[in-house]
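# Understanding the architecture of this molecule
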Amino acid sequence: MTERKSAAWSTADAIKQHIIDAGLAPGELMPTESDLCDTLHVSRSSVREAMRTLASLDIVEVRHGHGTYVGRMSLDPLVNGMVFRLSATGVKSLRDVVQTRIALDLAMADELVKAYSGTHDPVLHELVDQMRVNTDAGRSFMEQDRDFHARLAAGIDNQIIGELAGAFWEIHTRALPLLGVSTPQDIIDTVEAHAAIIEAVETGDLRAYQSAVAAHYAPLQRAIERSEAAEAR
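What comes next is a walk through the structure. Computed from a predicted model, the values in this text were never measured in an experiment. The residue count restarts for each chain, going from 1 along the sequence in the order it is written. Predicted model: local features are reported for residues with pLDDT of at least 70 only, side-chain atom pairs are reported and counted for 80 or more only, and whole-chain, interface and lining totals are derived from all residues. Side-chain numbers come from the whole structure's heavy atoms, not from hydrogens or water.

### Focus: the overall build of the protein chain
Put simply, DSSP marks the helices as runs of H or I at least four residues long and the strands as runs of E at least two long, and each gets a number from the N terminus on. Scanning the protein chain for helices and strands turns up eleven helices and two strands. Element order for the protein chain, N to C, with α for helix and β for strand: α-α-α-β-β-α-α-α-α-α-α-α-α. Any residue under 20% of the maximum accessible area for its type is buried, any over 50% is exposed, and the rest in between are partly exposed; the area is computed with a 1.4 Å probe on protein chains only. Burial status across the protein chain gives 39% buried among its 233 residues. For the protein chain, contacts bridging at least 24 residues in sequence account for 69% of all contacts bridging at least 6. By definition, residues are in contact when any of their heavy atoms lie within 4.5 Å.

Below is the structure:
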């Protein structure tokens, strides 16, 4: 690592610690460059380079003409890095992403069943109905799929696992072009698996939920197998 890069990372770490020590929350205004230089005893160039690094990680957000704010600290850098990795390494990495999504969905099983058992969520049911309408009309249902999984995960008291599930949804969705066109039956099976997931959690049936998760990813796994077979030829 060059001396300049090392200095930038050292300053970035110092700025992160300053955010923690000052109790700054996402969206709050950061100290000015001059204030940071004085507080951290570093040069203006080190602060600027550190801020560029932190902005790329969504730790700070530079709003030109308004100042620098504490960022959302989202998982966007993970998503963008993984999408690039998938583009570079192909279907094998996509299989790994799908297996990770399955593991996350199963990790939520107990909490989801506990949260939804004995309830009826009209929004989740409406999203599945709209998926069916879009499928019949030959349209994509990716927007409804995203909203379905986000709302489902929001029902449990674990923000981190919900964010991870959302991040891996984004990663695998942006990588879907690697697989080509899905078969009509795969699309239908995917939609109906969403309906099975709702029924399972609302009836409090843990095993049915686990089976529905397997059914949800089965079409995608078949598509991956087809792509791997095509690459092998």
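### Quick look at the pairing of strand 2 (residues 67–70)
Pairing analysis gives four bridges linking strand 1 (residues 60–63) to strand 2, with the strands arranged antiparallel. In the strand pairing of strand 2, Val62 is matched with Thr68. Pairing between two strands is assigned when DSSP locates at least 2 bridges connecting them.

### With respect to the nonpolar core
Joining through side-chain atoms within 4.5 Å is the link that ties buried Ala, Val, Leu, Ile, Met, Phe, Trp, Tyr and Cys residues into a set, and such a set is a nonpolar core. Residues Leu94, Leu112, Phe148, Leu152 and Tyr209 are the most contacted members of the largest nonpolar core, which totals 44 residues. Looking at this core, the element that brings in the most residues is helix 11 (residues 206–232), giving seven residues. Setting aside its immediate chain neighbours within four residues, Phe148 contacts Leu124, Leu127, Val128, Met131, His194, Ile197 and Ile198. Grouped together as the second largest cluster of nonpolar side chains are 15 residues, Ile19, Met30, Leu40 and Val70 included.

Honestly, it's all geometry; don't read function into it.
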